[in-house]
Structure formats: C-alpha cells, structure tokens
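Next come the chains, spelled out residue by residue.
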Amino acid sequence: MAKSQSSVERNVALCYVRQSVTKDENDTNSPERQKANIQAVCDAKGWIPEWYEDTGGHKSGRTVKNRPAWLALINRLKDRDVVALVANDMSRLHRKGWRVGDLMEQLNELNIALTLAAPGKGHIDTSTINGRLLVQVGALFDEYYAEDVSAKARDSIRHRRKQGKYVGRVPFGTQRDSNGLLEPSHEGAWLMPNGTFQQGQPHEKPYPDAIWRRYFDAALRAMELYAAGDMGIARIAYKLDDEGWCYRTVQNTPRVFERDDVRRIIANWREYGGLLQTTRARNRPAYKDDDLSSVVLNPDQAVMPVDLLEQVAKVRYDRTQKPRRTKTHNVKMIYPLSVLVRCAHCSAEEDVQKRTATLQGYTTSAGIRRYRHSIGMKCTSGTRSVKESDLNGEFEKVLDHLIVNPEYMDLMQRIVTKDLNLDQHTESDNLEQQKAEAIAKCRHRLERAKFLFLEGDISKDEYLRTKKRNEEEIAHWLARTVKTQEIIIELISVLGTLTNLKRVWL
Ligand SMILES: [Zn+2]
C-alpha cells in the first residue's frame, strides 16, 4: 500500500457474532438476529463490517479457547483501519467481568468504540465514566442484568410483530380461549391461615382452613376499589394485601400486591372490557385517555361488568394531570445502582412476602438525585429514600471491604497455577476415590442396620438413628466435588471485576 500508515482510513468495524447453542431462527439470540442488528448499526455509521463468528457446536463460550473467531478478532484490534468493535449485546462478549474490564482498557488505549447493536442498547461510549461504569456493572451482574434480558425480549417482540404474530400477555387473571377471546382464568393461590400464599389447584385444599383466591377475583376487587374513587393505587395495594388477595410473579408464584400491580390492572380496563390490546398498559398513561366518549367497550367479549370498567376509566381520567412538559419524561438519567440495591428491611421478610423492594434512582423536582424505595410496598423502615451521594458512599465502602490487596491476588493466582500444573490429577483422583469408598461404607452400614432391626437385634430407635446418620453422611459426600480450584479461579475473577469496578467508579 502506497499510503503512509497515518493516512489509513479508519472505517472497518469488527463485528462479533456468537451463539453457544444453536436454536431456531426465530430465537432472539440467533446469529441471524445478531447479524441483522449489527449490519444495521454499521450501515447507519458508514462502517465496513468485518465478520467474526463463533457459532457452531455446543461448546460453552465461557472459555476463550472455545472461541477461535474471538481470538482472531482480538488480534485484529490493533490494526489502524479498525474503528469499532460491534456486538449484539454484552453477553456476546465475555461472560466474566474482569475480562470485559481488560477488553475495555485495550479498546480505550486503541481509541476503538465499543458498540452494542441490540435495539434499546444504544451506543455505549466507553470513553466516558458513565459508559465504562455501565459496562462494568453490566458485566458484573451479567446474568442478573434485567435490562439486558428485557432489551433482547423487546427486540424479539418487534420481530414477531413484523411477522404478524399475536404478541403480549393477557391481562392479569385472564386467559385466551380456543378462539383467541379473553376469559377469566381459573388460576389462583391458596391463602393459608398464617397469611402466606401457596401455589395449588382449586380442588386440592392443602389445609383445612385455607381459602382459594382466584387471580381474576383479585383483579376484579382492584377495579371495584378503584371505581369507588376514594383510594389511590398505593392504598389499594395495601387494602388488597389486608384482604388477603395476591398477585403472582411471571414464574407463577403468588406474592402480595404492590402499587405497580394495581396500576397495571387498572390501566388494562379496555382489555377487561373486551377491546383488543393495542399498546402495553405501561406505555398508555391515563392522560392519553382523553376522549373517553370515543371508547366503546364490547359487552359481548368483556370479562368484567362494563359499567364498572367505565367508572374506572372515569375515575382514572378525572384524576390524571396532563404533563406540561412531556419532553422531560424522555430524558434518561443514569442511576447505576438502580434496582441492584435492595431494601434490607424487606428482604428480611422475603420468605413471607415473596418480593423485595429495590431502590430506584429518580431526580426530585428540585433537581436532586436520589434513590427511592419501591412504592406501594409495606416496609418496616421509616426511610423511603436516600441521597445518591450517600448511597454511593456506602457502595464505595462495600467495594473497599471486598477488594483484596493486589499482592494477595498474585499469591492466590500463583497457588492456583501451581495446583493446576502439579496436583490436579492426584487430588481429584484421591478425592473421587475417597468419596466412593465413604459412600459405599455408609450404604453397607445402612443395609446392616436394616438387617439387624428386622432380626430384632436392635431397637427401632437405634435403627432410625443409624439410618439418619448414614444418610446425612452420604449427602455430605455427594455434595463434595473437586471444585476447589474452580472456586478459587472464580473468586480471583470476581475480585478482578471488583477492582476494575472501583477504578471506574471513582
Ligand atoms: Zn423495604
């Protein structure tokens, strides 16, 4: 090439596609979806895509050596014509936080943009603190990172809508019959005498005094309370809790009501009234309901009394204030700890409540950044919100406690490497053998005790004691595996992530 190196045009985007287990092409994470998303980003930016694909086979992407294309891509990063690294989402890159940290540092040094292509992810600018922080936190909480999952899910919904398929969940407490029409669902939960809820079937009473609580009736009750017009949705949530109604999670487990559950039910008044779902309830604030007279419910297909629903719509409309400056609602403020921080008071009650309040970032009307407790949930803590700076300070303290002196990290790493090279086989073989022997012995003792008991040589009590002891020992051995090194490696990895997190946090 005749041009000098400095005049090489930077326009090549390294595009990475990965799929660990191949699924059908409608899958949200299918290589085709990833590629389509990535291509769109490259087109928009005027980049020339250069594809790297690790797709075949069922190997896990958790280790680098199963990802040859990824290694090739890394080697290509330092070339002068490379301007960006594009992947569909964070989980396409590395699964382990500290490697993402390393990757980010490398990209920063080379001045290469990291761009995520899944719709809703947007461009993460890794040259800013917030961008780096998002990537770090995202990587650290990768598998729990709801935003990531929901962005992919939204992408999938868009895809299915384009294909003209029915999309969306039915309103709470309802189901679709064979013609696709809404009907009350028979599902519900048992309210136990101690106030907890239990999953079950209406005809199988788990306890004499248990009461069957149908989800549909809970929704109906919420509508009635709202239609009365003298209660806000948070108070309705408390009231439903007091009356022993329950909501349910997407995993189908019953839990007590909270404000947002009530809000969703109320917002779905059209669907309960037999109209087709147009947009999601959460995207349909009450102030968009202005022309109430133009909404005609369909009594033939309604699952709730139409006059009740009309009353609900009226209360909802009367109560709503139209936002004066709708623009402000579109400003996205970044609160890195939103939803990640949970309420300690609530989590102490989690067994009973089946939910825990999180803290969510918000900006007060005076422009102060705070985190607040989930609304409409009873909590023993009197404090409902906290200044962002205070929470950040606490978070830094936690980080400081968790971070290990780099010298110790080196030491740990050396110990692991040594073990891996020299002792792995002997240790694992020994342990496996020891385990098999111990379990065999326990089984033998069990058999013998049973024999002695049947022969009348030992008492029933003694037999049961022996049985229990040996069964416990077997369970203990079964739980023990050669995971020591893996655990230490994981630990080092987590510590590395924390150190990186701390670096970008400050
Ligand atoms: Zn709480």
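- Under the annotation held in an unreviewed UniProt entry, the chain carries the name Recombinase family protein and is attributed to Phototrophicus methaneseepsis.

Side note on the overall build of the chain
- When its secondary structure is counted, the chain shows 16 helices and 14 strands.
- Of the contacts formed within the chain by residues at least 6 apart in sequence, a portion of 63% connects residues at least 24 apart.
- When the accessible surface of the chain is totalled, it reaches about 29,300 Å², and 51% of it is carbon and sulfur.

Let's talk about the coordination of the zinc ion
- Protein coordination of the zinc ion is provided by Cys343 (SG), Cys346 (SG), His373 (NE2) and Cys379 (SG), with donor distances spanning 2.1 to 2.3 Å.
- Because the angles between the four donor atoms bound to the zinc ion fall within 105 to 115°, the donor set is best described as tetrahedral.
- Between the donor residues of the zinc ion, the gaps in sequence give the motif C-x2-C-x26-H-x5-C. Residue Cys346 is found in helix α11 (residues 344-348), and its partner Cys379 is found in the loop between β13 (369-373) and β14 (385-387); the two are separated by 33 residues along the sequence.

A closer look at the nonpolar core
- Judged by nonpolar contacts, the single largest core of 39 residues is most densely connected at Phe172, Met223, Phe257, Ile265 and Tyr272.
- Looking at this core, the elements that each hand over two or more residues are β7 (188-191), α6 (215-228), α7 (233-242), α8 (259-267), α9 (269-272) and α10 (306-319).
- Listed in part, the 14 residues of the second largest apolar core include Leu73, Val82, Leu85 and Ile112.

Focus on the packing of aromatic side chains
- The full count for this structure, using the stated rule, is eight aromatic pairs.
- An aromatic cluster of at least three residues, connected via ring pairs, comprises Phe172, Tyr215, Tyr247 and Phe257.
- Positioned above the aromatic ring of Trp245, the side-chain terminus of Arg213 is 4.0 Å from the ring centre.
- Between Arg319 and the ring centre of Tyr226, over which it is positioned, the NZ or CZ distance is 4.9 Å.

Things to note about the environment of Val296
- Among the secondary structure elements, Val296 is positioned in the loop between α9 and α10.
- The class for Val296 is exposed, based on a relative accessible area of 59%.
- The sequence separation of Val296 and Val306 amounts to 10 residues, and the corresponding C-alpha distance is 9.6 Å.

Describing the packing of α6 against α7
- The interhelical angle for the contact between α6 and α7, taken along N-to-C directions, is 135°, at an axis separation of 10 Å. Taken together, α6 and α7 sit at an angle that is classed as oblique. The chirality of how α6 crosses α7 is right-handed. Between α6, through Ala218, Arg221, Ala222, Leu225 and Tyr226, and α7, the contact on the second element is made entirely by Ile233, Ile236, Lys239 and Leu240.

A few points about helix α1 (residues 31-45)
- In this model, α1 (15 residues) spans 21 Å end to end at C-alpha, consistent with the 21 Å of a helix rising 1.5 Å per residue.
- Two residues or fewer past α1, Gly46 is found with a positive phi of approximately 75°.

Looking at the environment of Tyr215
- Summarising the element assignment, Tyr215 is placed in helix α6.
- For the pair Tyr215 and Ser185, spaced 30 residues apart in sequence, the C-alpha separation works out to 7.6 Å.
- Every residue in contact with Tyr215, bar those within four places of it in the chain, is listed here: Phe172, Gly173, Glu187, Gly188, Ala189, Cys246, Tyr247, Arg248 and Pro254.

A short note on the environment of Val86
- Considering the arrangement of structural elements, one finds Val86 in strand β3 (residues 82-87).
- Residue classification places Val86 among the buried positions, given a relative accessible area of 0%.
- Sequence separation between Val86 and Pro49 is 37 residues, and the spatial gap between their C-alpha atoms is 8.8 Å.
- The residues touching Val86, leaving out its near neighbours within four places in the chain, are Ala13, Leu14, Cys15, Tyr16, Ile38, Val41, Cys42, Trp47, Thr115 and Ala117.

Concerning α6
- In this model α6 runs 20 Å from its N-terminal to its C-terminal C-alpha over 14 residues, within 8% of the 20 Å that 1.5 Å per residue would give.
- When we look at burial in α6, the residues that qualify are Tyr215, Phe216, Ala218, Ala219, Ala222, Met223, Leu225, Tyr226 and Ala227.
- At the exit of α6 stands Gly229, carrying a positive phi of roughly 85°.

A few points about the pattern of salt bridges
- In total, this model carries 19 salt bridges according to the counting rule given.
- One salt bridge connects Glu473 with Arg445, and the closest N-O pair in it is separated by 3.6 Å. Of this pair, Glu473 sits in helix α15 (residues 460-479) while Arg445 is found in helix α14 (residues 406-454), placing the two residues 28 residues apart along the sequence.
- For Lys468, the salt bridge identified is with Glu472, shortest N-O distance 3.4 Å. Taken together, the residues Lys468 and Glu472, both in helix α15 and four residues apart, mark about one turn of the helix.
- Since its relative accessible area comes to 54%, Lys468 is described here as exposed.
- Beyond isolated ion pairs, a larger network of salt bridges with shared partners links Glu50, Arg76, Asp79 and Asp81.

Digging into the sheet that holds strand β9 (residues 211-214)
- Read across the open sheet, the three strands follow the order β8-β7-β9; overall the sheet is antiparallel. A strand with exactly one partner marks an edge of an open sheet, and here the two such strands are β8 (197-199) and β9. Put simply, the sheet's adjacent strands are angled 35° from each other on average, direction ignored.
- Note: β7 against β9, four bridges, orientation antiparallel. In the strand pairing of β9, Ala189 is matched with Arg213.
- The sheet strands contacting α6 are β7 and β9, and the helix crosses β9 at an angle near 65°.

The rules behind each value
- Residues numbered from 1 in each chain as written.
- Predicted model: local features only at pLDDT ≥ 70, side-chain atom pairs only at ≥ 80, totals over all residues.
- Heavy atoms only, no water.
- Helix = DSSP H or I, 4+ residues; strand = E, 2+ residues; numbered from the N terminus.
- Contact = heavy atoms within 4.5 Å.
- Areas by Shrake-Rupley, 256 points an atom, 1.4 Å probe, with all protein chains shown as cover.
- Donors = N, O, S within 2.8 Å, 3.2 Å for Na, K, Ca; no water.
- Tetrahedral: all angles 85-135°; square planar, octahedral: opposite > 155°, others 65-115°.
- Core = buried A, V, L, I, M, F, W, Y, C linked by side-chain atoms within 4.5 Å.
- Buried < 20%, exposed > 50% of the residue type's maximum accessible area, 1.4 Å probe, protein only.
- Phe/Tyr/Trp six-rings, centres within 6.5 Å; stacked < 30°, edge-to-face > 60°.
- Lys NZ or Arg CZ within 6 Å of the ring centre and 35° of its normal.
- Axes fitted to C-alpha atoms, helices over the stretch in contact; angles between N-to-C directions.
- Parallel < 35°, antiparallel > 145°, perpendicular 65-115°, else oblique.
- Left-handed = near helix turned anticlockwise from the far one by under 90°.
- Expected span 1.5 Å × (residues − 1).
- Salt bridge = Lys/Arg side-chain N within 4 Å of Asp/Glu carboxyl O.
- Pairing = 2+ DSSP bridges.

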